[in-house]
Amino acid sequence: MLLRFLLSQTSLPCTIFSFTALSLLFGISRDDSYIEFLQKEPIKYDFIIVGAGSAGCVVANRLSENPNWNVLLLEAGKEEPLLSEVPALSELFAMTHFDWQYKISKENNACNVKGTFPMRNGKVMGGTSSMSYMFYVRGNREDYNNWERMGNQGWSYNDVLPYFIRSEDNRDQDILQNSTNYHGTGGYMTVERLPYRDPNTDVILQGYQELGMRPTDVNGENQLGSMLSQTISKNGSRMSTNRAFIRPFRQRKNLFIKTQVYVTKILIDPFTKSAIGVQYTSTLTGDTKIVFAKKEIIVSAGAIESPKLLMLSGIGPISDLFLHGIPVMKNLSVGHNLHDHIGVFGLFGNIESSNSPFPSCQENMGDLNNFFKEHTGPLGSIGLISTTGFLQTKFENRTGIPDVQLLCAGISPIVSHYNKFTIVPTILAPKTRGFVKLNKFRPIWGSPEINQRCMVDDDIQSLKEATKMALRIFNTTAFRQNNFTFISHPLPGCHMFQFNTDEYWDCVIRNFPVLVNEQVGTCKMGPREDSEAVVDSRLRVHGINNLRVVDASIIPIIPRGSLLAPVIMIGEKGSDMIKQDWS
């Protein structure tokens, strides 16, 4: 119903400016010319990394810096397509073969929400970094201090800041000058504001500032405020972790990469409880192979696939493993603690001015040509969503700590082409927790069961307060003078309530919540006495030797911001831990 409502409020650019041209670009990768070395592969690798996503590419790079170590990187998806370089086309990757195409289920009777909801997770070299909006937002210093207070020694803000800086090659001089101690240059990951600036972003930022969100560097001293987001990009094109950490180093003779292979099991010696290898199947030929590791297996498959692989390998809740007849290697709370930032759809607006960036089909094709020739034009933009604002509701009174982020986005599959927009208030410290379980009927090849569970009442109240605060932006001088107007049509399913009342917004929040696709927590980091913990503070799986998890799944509590930068940091810090333990 919500989809029909949104489509009725906008028009799409001419068949998304020629699906023919875009489909061709989907099939081309800059890595197609890569030719694997013909040298004989080792009988055993030193390290096997499962998953070439936002963290896995970082780990593969850092471990293969040691020429004496042979590193095998296994990825279920294909090479990163050329089209992924275009920032404005991120939405086009959803529900393609570059997407895992997961669906989230709800506890329908209690939640009053029907059906399933799609997630977007990258199944490609670079993982979700190859199809996200590229935001470079680290979160709040107290997020990491809290991780340490939970028993994770070495994960305070002062401990992790050097790893954020280590990766970074920040290109914005004003950021570097004003936040000297928080940013770096010379790292593999280029960070910048996208060169093309959508003129409507100025209106949004002025509106944010009228609401009290002053200009700030959200990755610097003070996260509260607003800014035009920095992105993980280079000269206006996407800088995925594959492009930054793998592509320039792919010719290393000790780095072996296999794509379109799906790891189905970690081999664990039942007597020593040590991980010794993995079993994988080629999704092209169907052939199955076993490879062995002399030192470690590192699982970097993400917050959904990492717990799935652990459970398939006998690491997980006893009751769930028994259900599938999987021999138990270690009883751990794998798959628990699933959470994500939660927002709500409900605030929609018109842009009733000449600023509405909806070009003709001919202009669309010209934009695509200009992007690939000179990296200029609106396709080198992510539109309104490049604006961001962090604020506090009445539920958060600690100095400098936001509990809400305002996200603004044009309503269109091409995010720089829109004439309608939505503001999505998003809570940054959700208390709702879900779970991941194996598919009941096809545990290996079926999509896992992903249940977000009902929103707890605290989250509903926080979202209601955030929505009321966000609604005030339509009364700002910036919005009124630029003809940014509120669409006051009640959403389907909530029309029986008086519009803009507490009852109406309660209905909207319960029926139209949105997850930001930043799942964490399913292989939670924590001390052994934490019954929910799966890995220790050095990311080693409790009770299993030579096995680590290095990705978003280890995050105990989600940071207050986008997830890409924290996951890259985890890859950097996790790599250093592995090097220290094997030096």
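The structure under discussion appears in the preceding block.
Below is a summary of the structure that appears in this document. (Residues numbered from 1 in each chain as written. Predicted model: local features only at pLDDT ≥ 70, side-chain atom pairs only at ≥ 80, totals over all residues. Heavy atoms only, no water.)

**A closer look at the overall build of the protein chain**
Condition: A run of H or I in DSSP counts as a helix once it spans at least four residues, and a run of E counts as a strand once it spans at least two, with each numbered from the N terminus. Type-normalised accessible area, obtained with a 1.4 Å probe on protein chains alone, sets the label of each residue: buried when under 20%, exposed when over 50%, and partly exposed for intermediate values. The criterion used for residue contact is that any of the two residues' heavy atoms lie within 4.5 Å. Only the protein chains shown count as cover for residues, and all accessible areas are computed by the Shrake-Rupley method using a 1.4 Å probe. Two residue types count as positive, namely Lys and Arg, and two as negative, namely Asp and Glu; His and chain ends fall outside the count. Lysine's charge is taken at NZ, arginine's at CZ, aspartate's at CG and glutamate's at CD.
Across its full length, the protein chain carries 16 helices and 25 strands. For the protein chain, buried positions account for 62% of its 583 residues. Within the protein chain, contacts between residues separated by at least 24 positions form 71% of all contacts whose residues are at least 6 apart in sequence. Surface exposure of the protein chain reaches about 22400 Å², of which carbon and sulfur atoms provide 51%. Considering the protein chain, the positive charge centre built from 57 side chains and the negative charge centre built from 56 side chains are found 4 Å apart.

**Topic: the sheet that holds strand β5 (residues 168–170)**
Pairing between sheet strands relies on hydrogen bonds along the backbone, with the strands arranged either parallel or antiparallel. Where we set the bar: Strand pairing follows a simple DSSP-based rule, namely that at least 2 bridges must link the two strands.
What the 4 strands build is an open sheet, ordered β5-β6-β8-β9; its pairing is mixed. Only two strands of the sheet have a single neighbouring strand rather than two, namely β5 and β9 (237–238). Note: strand β8 (residues 231–234) against β9, 2 bridges, orientation antiparallel. Its bridge partner being in β9, S233 is matched across the sheet by R238.

**Considering the pattern of salt bridges**
Selection criterion: Counted as salt bridges are all cases of a side-chain nitrogen of Lys or Arg within 4 Å of a carboxyl oxygen of Asp or Glu.
Within the structure shown, the criterion is met by 33 salt bridges. Here R548 ties to E296 by a salt bridge, and the two come within 2.8 Å at their closest N and O atoms. One end of the pair, R548, is in strand β25 (residues 547–549); the other, E296, is in strand β13 (residues 288–299), and 252 residues separate them in sequence. On the accessibility criterion, R548 (1% relative accessible area) is buried. Across the salt bridge formed by D581 and R538, the nearest N and O atoms sit 3.1 Å from each other. Remark: R538 occurs in the loop between β24 (513–515) and β25 and D581 occurs in helix α16 (residues 564–582); sequence separation between them is 43 residues. Looking at D581, the relative accessible area reads 32%, which means it is partly exposed. Assessed through its relative accessible area of 22%, R538 is described here as partly exposed. Residues joined in a network through salt bridges with shared partners are R62, E65, R166, E572, D576 and K579.

**Quick notes on a nonpolar patch on the surface**
Note the cut-off: Patch criteria: residues need more than 30% relative accessible area and no salt bridge. Like-charged residues are merged within 9 Å; nonpolar side chains of Val, Leu, Ile, Met, Phe, Trp and Tyr are merged within 5 Å.
Judged by side-chain polarity, I276, I290 and F292 come together as a nonpolar surface patch covering roughly 220 Å² of accessible area. On the secondary structure map, I276 appears in strand β12 (residues 274–282). Residue class for I276 comes out partly exposed when judged on its relative accessible area of 33%.

**Structural notes on the pairing of β13**
Alignment of strand β1 (residues 44–50) against β13, held across 6 bridges, turns out to be parallel. Residue pairing across strands places Y45 opposite A293, the latter belonging to β13. Pairing analysis gives 5 bridges linking β12 to β13, with the strands arranged antiparallel. In the strand pairing of β13, V278 is matched with V291. Strand direction decides the pairing type here: β13 and β25, joined by 3 bridges, are parallel. The partner of I298 across the bridge, within β25, is R548.

**Quick notes on the packing of aromatic side chains**
Definition in use: Here the aromatic set is Phe, Tyr and Trp, taking the six-membered ring for Trp, and pairing holds for ring centres within 6.5 Å; pairs whose planes are under 30 degrees apart are stacked, those over 60 apart are edge-to-face, and all others are tilted. Here, a charge over a ring is recorded when the distance from Lys NZ or Arg CZ to the ring centre is within 6 Å and its angle to the ring normal is within 35 degrees.
Within this structure, the stated rule accounts for 24 aromatic pairs. Centroid distance Y144 to F164: 5.8 Å. Interplanar angle 70°. Geometry classified as edge-to-face. In this pair, Y144 is assigned in helix α5 (residues 141–149) and F164 in helix α6 (residues 157–167), connecting sequence segments 20 residues apart. For the pair formed by Y144 and F164, the shared burial category is buried. Ring pairs connect the aromatic residues F421, F474, F479, F484, F486, F499, Y504 and W505, which therefore count as one cluster. A cation sits over an aromatic face here: K123 above W100, 4.7 Å from the ring centre. The ring of W155 is capped by K573, whose NZ or CZ atom sits 5.1 Å from the centre of that ring.

**Focus on the pairing of strand β2 (residues 71–75)**
The criterion, for reference: We call a crossover right-handed when, viewed with the strands running away from us, the connection from the first strand over the helix to the second turns clockwise.
Counting buried residues in β2 gives 5 out of 5 residues, a clear majority hidden from the surface. Summarising the sheet, β1 and β2 pair through 4 bridges and their orientation is parallel. Within the sheet, the bridge partner assigned to I49 lies in β2 and is L73. Handedness of the β1-helix α3 (residues 56–64)-β2 crossover: right-handed. When β2 meets strand β10 (residues 255–259), the two strands line up parallel, connected through 5 bridges. Bridging from a neighbouring strand, L72 pairs with F256 of β10.

**Section: the nonpolar core**
Rule in force here: Here, nonpolar core refers to any group of buried Ala, Val, Leu, Ile, Met, Phe, Trp, Tyr and Cys residues whose side-chain atoms link them within 4.5 Å.
Judged by nonpolar contacts, the single largest core of 85 residues is most densely connected at I315 and L547. If we ignore the near neighbours within four places in the chain, the residues touching L547 are I266, A275, I297, V299, L310, I315, L539, R540 and V541. Grouped together as the second largest cluster of nonpolar side chains are 50 residues, I104, L347, I460 and A470 included.

**Looking at the state of the cysteines**
Put simply, the rule reads: Disulfides are defined as pairs of cysteine sulfur atoms found within 2.5 Å of each other.
Evaluated as defined, the whole model comprises 1 disulfide. Two residues, C494 and C507, share a disulfide whose sulfurs are 2.1 Å apart. Measuring the twist about the S-S bond at about -85°, one finds the C494-C507 disulfide to be left-handed. Of the two residues, C494 is situated in the loop between β23 (484–486) and α15 (502–511) and C507 in helix α15; the sequence distance between them amounts to 13 residues. Note on accessibility: C494 and C507 belong to one class, buried. The cysteine C57 is free of any disulfide, with C523 supplying the nearest cysteine sulfur at 19 Å. Assessed through its relative accessible area of 0%, C57 is described here as buried.

**Here's the deal with α5**
So the rule is basically this: Pairs of N or O atoms within 3.5 Å make up the polar contacts considered here, provided that, within protein, one atom can donate a hydrogen while the other can accept it, and that residues adjacent in sequence are counted only when both atoms are side-chain atoms.
Among the residues making up α5, those that are buried are D143, Y144, N145 and W147. Here the buried face of α5 lies against α6 and α16. Here α5 starts with a cap whose side-chain oxygen sits 2.9 Å from the backbone nitrogen of E142, and that cap is N140.

**Details of empty space enclosed by the protein**
For clarity, the cut-off: Throughout, the protein atoms alone are placed on a 1 Å grid, and a set of points is a cavity if a 1.4 Å probe fits but cannot get out or a pocket if it is open with protein on both sides within 12 Å along at least five of seven lines; lining residues have an atom within 4 Å of a point. Grid points are joined across faces, edges and corners, and a volume is the space filled by probe spheres set on the points.
Inspection of every chain in the model, using the stated rule, returns 2 cavities of 30 Å³ or more. Along the walls of the largest cavity sit 13 residues, with L194, Y196, L228, S381 and S386 positioned nearest its centre. Considering only enclosed or pocket space, the second largest cavity measures out at about 60 Å³ in volume. Taken together, Y136, Y163, F164, S167, E168, M189, V191, A565, I568 and M569 make up the full set of residues lining the second largest cavity. Breaking the lining of the second largest cavity down by element, the ones donating at least two residues are α6, β6 (189–192) and α16.

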